There are 2 protein chains.
Amino acid sequence: MRVEIWSDIACPWCYVGKARFEKALAAFAHRDEIEVVHRSFELDPDRTKGDVQPVLGLLAAKYGMSEAQAQAGEDDLGRQAAAEGLEYRTRDRDHGSTFDMHRLLHLAAERGRRSELLDALYRANFAEERSVFADDERLVELAVAAGLDADDARRVLADPAAYADAVRADEQEAAQLGVTGVPFFVLDRAYGVSGAQPAEVFTRALEQAWGGRSPLTRVTGTDAEACGPDGCAVPRS
Amino acid sequence: MRVEIWSDIACPWCYVGKARFEKALAAFAHRDEIEVVHRSFELDPDRTKGDVQPVLGLLAAKYGMSEAQAQAGEDDLGRQAAAEGLEYRTRDRDHGSTFDMHRLLHLAAERGRRSELLDALYRANFAEERSVFADDERLVELAVAAGLDADDARRVLADPAAYADAVRADEQEAAQLGVTGVPFFVLDRAYGVSGAQPAEVFTRALEQAWGGRSPLTRVTGTDAEACGPDGCAVPRS
C-alpha cells in the first residue's frame, strides 16, 4: 500500500505531522508493506528566491495580531514539536521561497534519499540558527548530509529548470485531489488525512485504508497473451 | 493517475504488451497526467544465473510439442511483434535468470531511466544475437546505452544484495494484488489488465480508470493543524 505525503519545508505542521505519522507507521502491523512517497507543495509559490522575511512579522501582518501574540503561537508550536521529540526554535526564524528545496528533494527522490533530505531541511529551517533561504551553499551542505553528491546538488541549484516540472506535477496532482493545505496524507489514493493529526488518527487511517483495499476490477478483451510460471501462452499456428 | 506495469525481460508478451500499452497511452487525452511505474516480476525465480538454455528446447519440453511446433509459435510471435514495429529474432534465443536485470532496473528507476533500460533489455533479448544472460559486461553496455553510469551498473552487478529487496518487494506486491502472470497492468490500484491486450483494451481501461476516480474518503480527528495559502493554523494560547 502506498502513502503519499504532500508538504512544504516552510510549514511547521508538516514538520510535526511527519513525526506523528512516522510514529503511527512504526507501530502499524503491515508497516513493511507500506511505501511512503513524499510530494511537493509550496505554500507561497509566488515568493521570489531573494525575498526572505522574519516569520513573526509575517504572521502578525497576516492575522492582524501583535508580534507578542504571534510569538505565543510559535511558543505553542515549540511545545507541540518538543512533545514529538523535535527541536523547534521559536525566535527569529525566516520565511522564504522553498522552490529550490523542492527541486533538490526530487533529485534526492531519484537517489532514494528524499525522506532524509526532508528531515535535514525541516531541522535546518525549524531548529537551527543559520537560514536555509537564499543560501545555496547551505542547501548543498544539507544535501550532502542527506547522502547526496555535492556536485549533483550544485548542478540542480544552478539550473532553475532542473526538476521544476516535477515540483509542479506534484502540485497539480495535489490540486486534482482537492488538497489545499499541508501536510496532506493520501493512502492508496482512496483515503485522505489533512493536517498534523495525532498519531492515533494516522493509525486509524492506516487500518481503514488497509482493510478497505478492494480487489482490482478487471478490464478484459481478447484471451490474455501472457506469460506465467507455467510458461507463455504460445500461439499455435 | 498512476499505471503500474509488472513484467519480466524473459516474457515476449511483455515486450509486445509494452508497445501496445504505449500506443494507447500516446493517444489518451490525459496522457500528461499519467505516471507509469514499471515493476519487477520473475517468471522463473528459481533459475540460477549460470543456467542458460535455448528457448525452443524449453518450450518443446514444457508443452510436449516438437521443436518445429515451438518454432511455429515463435514465428507467430515474431509477426505480432513486427505488427507493433518491434524486431523479434525467432531463432536461437536463450532463456536464463533475469534477477540481475531486475536489480539493474531498480538502479535505473532511481535515475529516472527505468523505461529506457527496459526497452534496451527487451531489444537485446528479443532482437539481438548476443545473449543477455550470464554476461555482466553485456548488461553494463545496455545500462550505459540507457543513460546509466557504467561504474554504478558494475557495482550493482557485483553485489548480489543490491536492490534484491526492491525486486522482491515488487514481486510480493504482485502476489498481494493477485497477479500470477505478466505483463500485468494496474491502473490507480483499482483496475487491472492482464496480458498483451490490443491497444483498444488499454484505451478502454485508461478511460474507465480515469472516469472512475473517486474523491478521497477523509479520515478526520481533531481540528486540522495545517498550513494553507492563507497561512498556518496558529494555536493561540
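Per an unreviewed UniProt entry, the recorded name for chain A is DsbA family oxidoreductase, and the organism is Streptomyces tropicalis.

Some thoughts on the pattern of salt bridges
One pass over the structure, following the stated rule, counts 64 salt bridges over all chains. With a closest N to O distance of 3.5 Å, A:Glu141 and A:Arg138 form a salt bridge. Separated by three residues within a single helix, A:Glu141 and A:Arg138 lie in helix α6 (residues 136-145), roughly one turn from each other. As a salt-bridge pair, A:Asp152 and A:Arg155 come within 2.6 Å of each other at their nearest N and O atoms. Here A:Asp152 and its partner A:Arg155 are both found in helix α7 (residues 150-158), three residues apart, which amounts to about one turn of the helix. Take A:Asp152: its relative accessible area is 17%, and that puts it in the buried class. With a relative accessible area of 54%, A:Arg155 lands in the exposed category. Among the charged side chains, a salt-bridge network with shared partners connects A:Arg2, A:Glu4, A:Arg39, A:Arg114, A:Asp170, A:Glu173, A:Arg189 and B:Glu35.

Remarks on the pairing of strand β2 (residues 35-40) of chain B
Look at any regular strand and the pattern is simple: side chains alternate between the two faces of the sheet. Residue and element names in this part refer to chain B. The pairing of strand β1 (residues 2-7) with β2 spans six bridges and is classified as parallel. In the sheet register, Ser7 faces β2, and the bridge partner there is Ser40. Taking the sense of rotation as the criterion, the β-α-β connection linking β1, helix α1 (residues 12-26) and β2 turns out right-handed.

Some points on the sheet that holds strand β2 (residues 35-40) of chain A
With mixed pairing, the five strands of this open sheet are ordered in space as β2(A)-β1(A)-β5(A)-β6(A)-β7(B). Each of the sheet's edge strands pairs with one partner strand only, and the pair in question is β2 of chain A together with β7 (217-218) of chain B. Examined bridge by bridge, strand β5 (residues 184-187) of chain A and strand β6 (residues 191-194) of chain A share four bridges and lie antiparallel to one another. From the neighbouring strand, A:Phe184 faces β6(A), where its bridge partner is A:Ser194. Packed on one face of the sheet, helix α9 (residues 199-211) of chain A meets β1 (2-7), β5 and β6 of chain A and runs near 170° to β6(A).

Considerations on the relation of the copies chain A and chain B
Between chain A and chain B, the superposition needs a rotation of 180° and an axial shift of 0.0 Å, giving an RMSD of 0.1 Å. The two molecules are tied by a two-fold rotation axis, judged by turn and shift. Taking the C-alpha atom as reference, chain A places A:Glu110 closest to the rotation axis, 2.1 Å from it. Of the interface residues in chain A, 100% have counterparts in chain B that sit at the interface too, so the contact is made through matching surfaces.

Points about unusual backbone geometry
All names here are of chain A. Here the residue pair Val182 and Pro183 is connected by a cis peptide bond, since its omega of 5° sits within 30 degrees of zero. Mapped onto the secondary structure, Pro183 falls in the loop between α8 (164-176) and β5. Even without glycine at this site, Asp92 takes up a positive phi of about 60°. For Asp92, the location among the structural elements is in the loop between α3 (67-83) and β4 (94-95). One non-glycine residue with positive phi stands out, namely Ala134, at about 55°. Along the chain, the position of Ala134 falls in the loop between α5 (114-127) and α6.

Focus: the state of the cysteines
All names here are of chain A. Tallied over the entire structure, the rule returns two disulfides over all chains. Between the sulfur atoms of Cys11 and its disulfide mate Cys14 the distance is 2.3 Å. Its S-S torsion of about 85° marks the bond between Cys11 and Cys14 as right-handed, since a negative value means left-handed. Here Cys11 and Cys14 have matching classes, each one buried.

A word on the packing of aromatic side chains
Residues and elements named next belong to chain A. If you walk through the whole model with that rule in mind, you get 17 aromatic pairs over all chains. Ring geometry for Tyr15 against Phe126: centres 4.9 Å apart, planes inclined by 20°, an arrangement best described as stacked. Of this pair, Tyr15 sits in helix α1 (residues 12-26) while Phe126 sits in helix α5, placing them 111 residues apart in sequence. The burial state of Tyr15 is the same as that of Phe126; both residues are buried. An aromatic cluster is present here, built from Tyr15, Tyr88, Tyr122 and Phe126 joined pairwise through their rings. We note Arg213 situated over the ring of Trp210; from NZ or CZ to the ring centre the distance is 3.8 Å.

Cut-off values and rules
Here the residue numbering is sequential within each chain, running from 1 through the sequence in written order. A letter from A marks each chain and a number from 1 marks each ligand, given out in the order of writing. Residues qualify for local features only when their pLDDT is at least 70, as the model is predicted, and side-chain atom pairs are given and counted only at 80 or more; totals for whole chains, interfaces and linings, by contrast, use all residues. Here the side-chain values reflect all heavy atoms present in the structure, with hydrogen atoms and water set aside. For this document, the term salt bridge refers to a Lys or Arg side-chain nitrogen within 4 Å of an Asp or Glu carboxyl oxygen. Runs of H or I in DSSP of at least four residues are treated as helices and runs of E of at least two as strands, each being numbered from the N terminus. To sort residues, take the accessible area from a 1.4 Å probe on protein chains only and compare it with the maximum for the residue type: under 20% means buried, over 50% means exposed, and anything in between is partly exposed. Between any two strands, at least two bridges found by DSSP are needed for them to pair. Note on handedness: a crossover is taken as right-handed if, strands pointing away from the viewer, the path from the first strand over the helix to the second is clockwise. We call two residues in contact whenever any of their non-hydrogen atoms come within 4.5 Å of each other. Helix axes are fitted only over the stretch in contact, all axes being lines through C-alpha atoms; the angle between N-to-C directions runs from 0 to 180 degrees. Each copy is superposed on the other by least squares, with the fit set by C-alpha atoms of residues at a pLDDT of at least 70 in both. Cysteine sulfur atoms are paired as a disulfide whenever they come within 2.5 Å of each other. Between rings of Phe, Tyr and Trp, where Trp is taken as its six-membered ring, a pair exists when centres lie within 6.5 Å; planes separated by under 30 degrees are stacked, by over 60 edge-to-face, and by other angles tilted. A ring is scored as having a charge over it whenever the NZ atom of a lysine or the CZ atom of an arginine sits within 6 Å of its centre and within 35 degrees of its normal.

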